[in-house]
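What the coordinates show
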Amino acid sequence: MCGIVCYKGRDYAKKIILDGLKKLEYRGYDSAGIALKNEEIECFKKSGRIENLKEILKDNSVDSHIGIGHIRWATHGEANDVNSHPHVSEDQKIAVVHNGIIENYRQLKEDLIKEGYNFKSETDTEVIAALISKYYDSDLLEAVNKAIKLLEGSFAIGVIAKDEDRLVAVRNQSPLVMGVLEDGHILASDIPSLLEYTKDVIYLDEGDIVDLNGKNCTIYDKELNILDKKIDRVTWSMEDATKEGYDHFMIKEINEQPTAIIDCLRDKIHDRHLDLKDNSFSKEEIENFKRIYIIACGTAYNAGMVGKYAFEKFAKIPVICDIASEFRYNDPFVDENTLVILLSQSGETADTLAALRESKKNGAKTIAITNVVGSSIARESDKVIYLNAGPEIAVASTKAYTTQIVSMYTLALDFCKKLNIKDDKWIDQKIQQLSKVSEKIEEILKNQDSIKEYAKKIKDKEHVFYIGRLLDFCTVTEGALKLKEVSYIHCEAFAAGELKHGTIALIEENTPVVSVITQDNIMDKTISNIEEVVSRGADVFIISKEDNSKLRNISSFVYKLPEINDWLYPILSVVCCQLLAYYTSKEKGLD
Ligand code: M6R
């Protein structure tokens, strides 16, 4: 996730901006930059940490009362100095920082190139600087207003012009708040950047445009009507604010999943149609795939199991989902007719990277599904699909899991479409269903009481079992991993029908068993498996698409999931498991 800090006021901007950027570090970033306006716009930017930027600024006494700063999480183009923000227009008159994604930047860029503009970076942001400079005629507000009318996507921007004592900022689907100081203003992506200097803030709304012109501050709506905004007083502490009010990054990231999924789909669905652009393979290449390997570790591997279902069901290609640390020692069936999918949040996991290299040696085509732009796995694979989930700071992976599943579903549907297994109408329908996942997760996040209650019941237990079949087995495997990882309770996940082949001996009076039942075709089968453990005294928590007397007869803890199509339940049911793990750990007083 990128972050913006801009300042205009009586004080010097450099320190205020650098302090502010430091407070945004929690968002994750791979480069930092600052532009200050004097006679000219002076721009300094560097890949890596803010310290690298400070190093190049150390020998430079330049400062100003107007400046814009940025930390970048690479999305368009690798993390290097040139792609870092701010971006200065070719005529050196305009500088821009941007948080968000400009979806139509390719088209805009092509048009600007035809008009003779020379781009320096691979970013979508440079297009904004180019457009503003194109429209600039001594009035920055007017130029910005013309440029943003052409932009599609999400953007919070801060803009300065060489020839004006002015800073213009816009909020559109990316966060931006304004701190009000006695003699100046700070615009930033998040409140921590302001807190050292002020607790008086104006929360900007979608479409708001801030014009800091000379000594005046005016806020406009999209139509340039002047708005009268109220100043709020922040009551949070610095520590609270960095986690945006959440107690831990894990719960913050669980709550971010609806947005993460929207962001994940942003570059995969265009005008409501599936379109992975160059990130997928051609029809001819797909026809050549006789088998697919999905290679991953841990949570990513669990997501890979759902991927296996997706590719076999939609693309009708056999899939082997393998653990990365096993794969290369196991004489895998990898040749030029094999597609290998490398699933990794970080894009750096050593075993997954080694599996990628081994696959390439054997002639396979490779595709990375990862969250981190420019990571090793992304760089070395033939194709890359990005999760766009924003940085995952908590070690316990949550939003990467759900966005990995979403990404694999889009890729499997893309194969299905290109292989003519289903027609466009059918694919569109699936995309519509997939687009509903985000709002359904919102519903779960508003309904957590029974999960918290069950967390209290299991907090002092030594063992917990998870059972489910087929897609639900993938969910319980991930649910058990999450509970072990954060609550330190021993858990095991079982394919529900497998428990009776020995392990059921461990189920005794009050042993907690979490069961997930979301698939019509195995509903009754799983219910009979639950009856088996109930008859041995298990205390069962059922996470299900149904809530009926059959289930209530065997458990008083039934969590009814919001309605969705069966194939999408793994993305919903896992959220309950994540919450159960989190609240159990919290009940135990663990950090
Ligand atoms: O970055 P990766 O997705 O390659 O990491 C793989 C696993 O280490 C990771 O998924 C791990 O299992 C989770 N952090 C557990 O929550």
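Summary of the structure given here. (Residues numbered from 1 in each chain as written. Predicted model: local features only at pLDDT ≥ 70, side-chain atom pairs only at ≥ 80, totals over all residues. Heavy atoms only, no water.)

1. So, the overall build of the protein
Test applied: Going along the chain from the N terminus, every DSSP run of H or I of four or more residues is numbered as a helix, and every run of E of two or more is numbered as a strand. With C-alpha atoms as the basis for the radius of gyration, the globule rule is written as 2.2 Å multiplied by the number of residues raised to the power 0.38. A 1.4 Å probe rolled over the protein chains alone gives each residue an accessible area, and that area as a share of the maximum for its type sets the label: buried under 20%, exposed over 50%, partly exposed in between. By the convention used here, residues are in contact when the closest approach between their heavy atoms is within 4.5 Å. Every accessible area reported is derived by Shrake-Rupley at a probe size of 1.4 Å, with residue values counting cover from the shown protein chains alone. All tallies of charge rest on Lys and Arg as positive and Asp and Glu as negative; His and the ends of each chain are not included. Charge positions come from single atoms, namely NZ of Lys, CZ of Arg, CG of Asp or CD of Glu.
Assigned secondary structure in the protein consists of 22 helices and 26 strands. For the protein, whose C-alpha radius of gyration is 26 Å, the value lies close to the compact-globule estimate of 25 Å for 591 residues. Principal-axis analysis of the C-alpha atoms places the extent of the protein at approximately 80 × 55 × 45 Å. For the protein, the residues scored as buried account for 59% of the 591 residues in total. In the protein, of all internal contacts separated by at least 6 residues, the share reaching a separation of at least 24 is 70%. Summed over all atoms, the accessible surface of the protein reaches about 23,700 Å², with 46% contributed by carbon and sulfur. Averaging the locations of the 76 positively and 97 negatively charged side chains of the protein gives two centres separated by 2 Å.

2. Quick look at the pattern of salt bridges
Pairs can form between side chains of opposite charge whenever their charged atoms are close. Note the cut-off: Definition used for salt bridges: Asp or Glu carboxyl oxygen within 4 Å of a side-chain nitrogen of Lys or Arg.
With the rule as written, the count across this model stands at 41 salt bridges. With a closest N to O distance of 3.1 Å, Asp183 and Arg10 form a salt bridge. Residue Asp183 is found in the loop between strand E9 (177-181) and strand E10 (184-188), and its partner Arg10 is found in the loop between strand E1 (3-9) and helix H1 (13-23); the two are separated by 173 residues along the sequence. Judged by its relative accessible area of 35%, Asp183 is partly exposed. One salt bridge in this structure joins Lys58 and Glu55, with 2.8 Å as the shortest N-O distance. Here Lys58 pairs with Glu55, and both are found in helix H2 (residues 50-58), just 3 residues apart, close to one helical turn. Using a relative accessible area of 56% as the deciding quantity, one classes Lys58 as exposed.

3. Focus on the site of the ligand
Heads up, the rule is: We call a residue near a given molecule or strand whenever any one of its heavy atoms falls within 4 Å of it. Throughout this description, a polar contact denotes any pair of N or O atoms lying within 3.5 Å of each other; where both atoms belong to protein, one of them has to be capable of donating a hydrogen while the other can accept it, and for residues adjacent in sequence the pair is counted only when both atoms sit in side chains. Under the convention adopted here, Pro, Cys and the residues Ala, Val, Leu, Ile, Met, Phe, Trp and Tyr are nonpolar, Asp, Glu, Lys and Arg are charged, and Gly plus all remaining residues are polar.
Among the 13 residues in the neighbourhood of the ligand, the closest are listed as Ser344, Gln345, Ser346, Thr349 and Glu485. Within the side chain of Ser344, an N or O atom sits 2.6 Å from an oxygen atom of the ligand. Between the ligand and Glu485 there is a distance of 2.6 Å, counted from an oxygen atom to a side-chain nitrogen or oxygen. Per-element tally for the shell around the ligand: the top contributor is helix H11 (residues 298-315), with 3 residues. Considered class by class, the residues forming the shell around the ligand number 4 nonpolar, 7 polar and 2 charged.

4. Observations concerning the sheet that holds strand E24 (residues 512-517)
Each strand in a sheet pairs with its neighbour through backbone hydrogen bonds, running either in the same direction (parallel) or in the opposite one (antiparallel). Our working rule: Only strands that DSSP links by at least two bridges are regarded as paired with each other. Orientation is described by axes fitted as lines to C-alpha atoms, over the contacting stretch for helices, and by angles from 0 to 180 degrees between their N-to-C directions.
With parallel pairing, the 5 strands of this open sheet are ordered in space as E23-E22-E24-E25-E26. Strand pairing shows two members of the sheet lacking a second neighbour, strand E23 (490-495) and strand E26 (557-560), which therefore form its edges. Within the sheet, the average angular offset between the axes of one strand and its neighbour, ignoring direction, is 15 degrees. Pairing of strand E22 (residues 463-468) with E23, which is carried by 6 bridges, proceeds in the parallel orientation. The residue bridging Val464 from the neighbouring strand is Cys491, located in E23. Sitting on the sheet, helix H19 (residues 471-487) touches E22, E23 and E24, and the angle it makes with E23 is about 175 degrees.

5. Topic: unusual backbone geometry
Generally, phi is negative for residues other than glycine and the peptide bonds are trans, each holding for most cases. Following His85, the chain continues into Pro86 via a peptide bond in cis, with omega recorded as -5 degrees. As for its placement among the helices and strands, Pro86 is situated in the loop between strand E4 (66-72) and strand E5 (87-88). The phi angle at Asn420 is positive, at roughly 55 degrees, despite the residue not being glycine. With respect to the helices and strands, Asn420 occurs in the loop between helix H15 (399-418) and helix H16 (424-434).

6. Considerations on the state of the cysteines
The condition that has to hold: By definition, disulfides here are pairs of cysteine sulfur atoms that lie within 2.5 Å.
Evaluated as defined, the whole model comprises 0 disulfides. Free cysteine: Cys297, not disulfide-bonded; nearest cysteine sulfur from Cys321 at 11 Å.

7. Remarks on the nonpolar core
Definition in use: Nine residue types can take part in a nonpolar core, namely buried Ala, Val, Leu, Ile, Met, Phe, Trp, Tyr and Cys, and a core is a set of them joined through side-chain atoms within 4.5 Å.
Phe311, Tyr409, Phe415, Tyr466 and Ile571 are the most contacted members of the largest nonpolar core, which has 93 residues in total. Of the residues forming this core, the biggest block, 12 residues, is contributed by helix H22 (residues 569-587). Not counting residues up to four positions away in its chain, the partners in contact with Phe415 are Ser280, Phe281, Ile286, Phe289, Ile292, Phe311, Ala315, Ile317 and Leu339. Core analysis: the next-biggest nonpolar cluster, separate from the first, contains 30 residues, Ala129, Leu141, Ile148 and Val168 among them.

8. Considering the environment of Asp111
Following the sequence through the fold, Asp111 ends up in helix H3 (residues 105-114). Linking Asp111 and Ile4, residues 107 residues apart in sequence, is a C-alpha distance of 28 Å.

9. Details of the pairing of E26
Our working definition: A clockwise course of the path from the first strand over the helix to the second, judged with the strands pointing away from the viewer, identifies a crossover as right-handed.
As judged from the 4 bridges shared by strand E25 (residues 539-544) and E26, these two strands associate in the parallel manner. Looking at the pairing, Phe541 lines up with Phe557 of E26. Crossover handedness for the path E25 to helix H21 (residues 549-554) to E26: right-handed.

10. Overview of the environment of Lys243
Along the chain, Lys243 turns up in the loop between helix H7 (238-242) and helix H8 (249-255). Relative accessible area serves as the criterion here: at 14%, Lys243 is assigned to the buried category. Between the alpha carbons of Lys243 and Thr584 there is a distance of 20 Å; along the sequence they are 341 residues apart. Leaving out residues up to four positions away in the same chain, Lys243 has contacts with His248, Phe249 and Lys252.

11. As for the sheet that holds strand E13 (residues 216-220)
Ordered by their spatial adjacency, 6 strands build an open sheet running E5-E6-E7-E8-E12-E13, and the pairing between neighbours is antiparallel. Every other strand in the sheet has two partners, leaving E5 and E13 as the edge strands with one partner each. As judged from the 6 bridges shared by strand E7 (residues 153-161) and strand E8 (residues 166-172), these two strands associate in the antiparallel manner. Counterpart to Gly158 in the pairing with E8 is Ala169.

12. Some remarks on the packing of H1 against H2
For clarity, the cut-off: Reported orientations rely on four angle classes, namely roughly parallel under 35 degrees, roughly antiparallel over 145, roughly perpendicular from 65 to 115, and oblique for the rest. Crossings are sorted by hand: turned counterclockwise from the far helix by less than a right angle, the near helix makes the crossing left-handed, and turned clockwise it makes it right-handed.
Where H1 contacts H2, the two axes come as close as 11 Å, and the packing angle between them is 165 degrees. The angle between H1 and H2 falls in the class roughly antiparallel. Here the hand of the crossing between H1 and H2 comes out left-handed. Here H1 contributes Lys14, Leu18, Leu21 and Lys22 to the contact with H2, which in turn contributes Ile50, Glu51, Leu53, Lys54 and Leu57. Looking at the contact of H1 with H2 residue by residue, the class counts come to 5 nonpolar, no polar and 4 charged.

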